[in-house]
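# A closer look at the structure
Each chain, letter by letter, is given below.
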Amino acid sequence: MDRAQKQATIDTLKGVFADAGAVVVTHNLGLTVAEMTALRGRLREEGAKYQVVKNTLAIKALAGSESEAGSSLFTGPVAVAYAADPVSAAKVITQFAKENDKLVVIGGMMGATVLDESGVKSLASLPSLDQLRGKLIGLIQAPATKVAGVLQAPAGQLARVFNAYATKDAA
């Protein structure tokens, strides 16, 4: 890798660290190609990516950024998972790490906050952004549905009373 390629890699990593909601750092020693492909496929379904990085380039990309404290995570064979949604990458990685002992979660970064392994696991236990949006929409719609039901009830009762009088007169 020449200097131009290294600089291009550093620039892309700077963009990843700046734009991602959360970056999960893992050790992936011993994973087969099939396992890596399966992991990348799962992450892709959630809108996340998984990339093996060179430690020195990652540390240079972190230098001077708000996530600079996370440079201590980059030791050994490291790969990063990242997504715009802070929860999705952490969920997939922790689930895959439970199923496969060769993938080890080291920690993560959310902006200036550096997470350890337990921090990444607790981040993964949170609902995703789409789930939170769904719950919020449900909470917003619930009062409107109740108001419509309350407003509709007197008209329904009035119609039943008229029907009762009509059937009484007919009989």
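The text that follows walks through the structure, step by step, so that each part is easy to find. (Residues numbered from 1 in each chain as written. Predicted model: local features only at pLDDT ≥ 70, side-chain atom pairs only at ≥ 80, totals over all residues. Heavy atoms only, no water.)

What follows deals with the sheet that holds strand 1 (residues 22–27). Pairing is antiparallel in the open sheet, where 5 strands are placed in the order 2-3-1-4-5. Two strands lie at the open edges of the sheet, namely strand 2 (49–52) and strand 5 (113–116), each paired on one side alone. Sheet twist, expressed as the average angle between the axes of neighbouring strands with direction ignored, equals 20°. Alignment of strand 1 against strand 4 (residues 104–110), held across 5 bridges, turns out to be antiparallel. (Pairing = 2+ DSSP bridges. Helix = DSSP H or I, 4+ residues; strand = E, 2+ residues; numbered from the N terminus. Axes fitted to C-alpha atoms, helices over the stretch in contact; angles between N-to-C directions.)

Looking now at the pattern of salt bridges. For the structure shown, the criterion picks out 2 salt bridges. R42 serves as the salt-bridge partner of E99, at 2.6 Å between the closest nitrogen and oxygen. Highlighted residues: E99 in helix 4 (residues 88–99) and R42 in helix 2 (residues 33–45), separated in sequence by 57 residues. Overall, E99 belongs to the partly exposed group, its relative accessible area being 47%. Note that K121 and E117 form a salt bridge whose closest N and O atoms lie 3.4 Å from each other. Of this pair, K121 and E117 both sit in helix 5 (residues 117–124), separated by 4 residues, roughly a single helical turn. (Salt bridge = Lys/Arg side-chain N within 4 Å of Asp/Glu carboxyl O. Buried < 20%, exposed > 50% of the residue type's maximum accessible area, 1.4 Å probe, protein only.)

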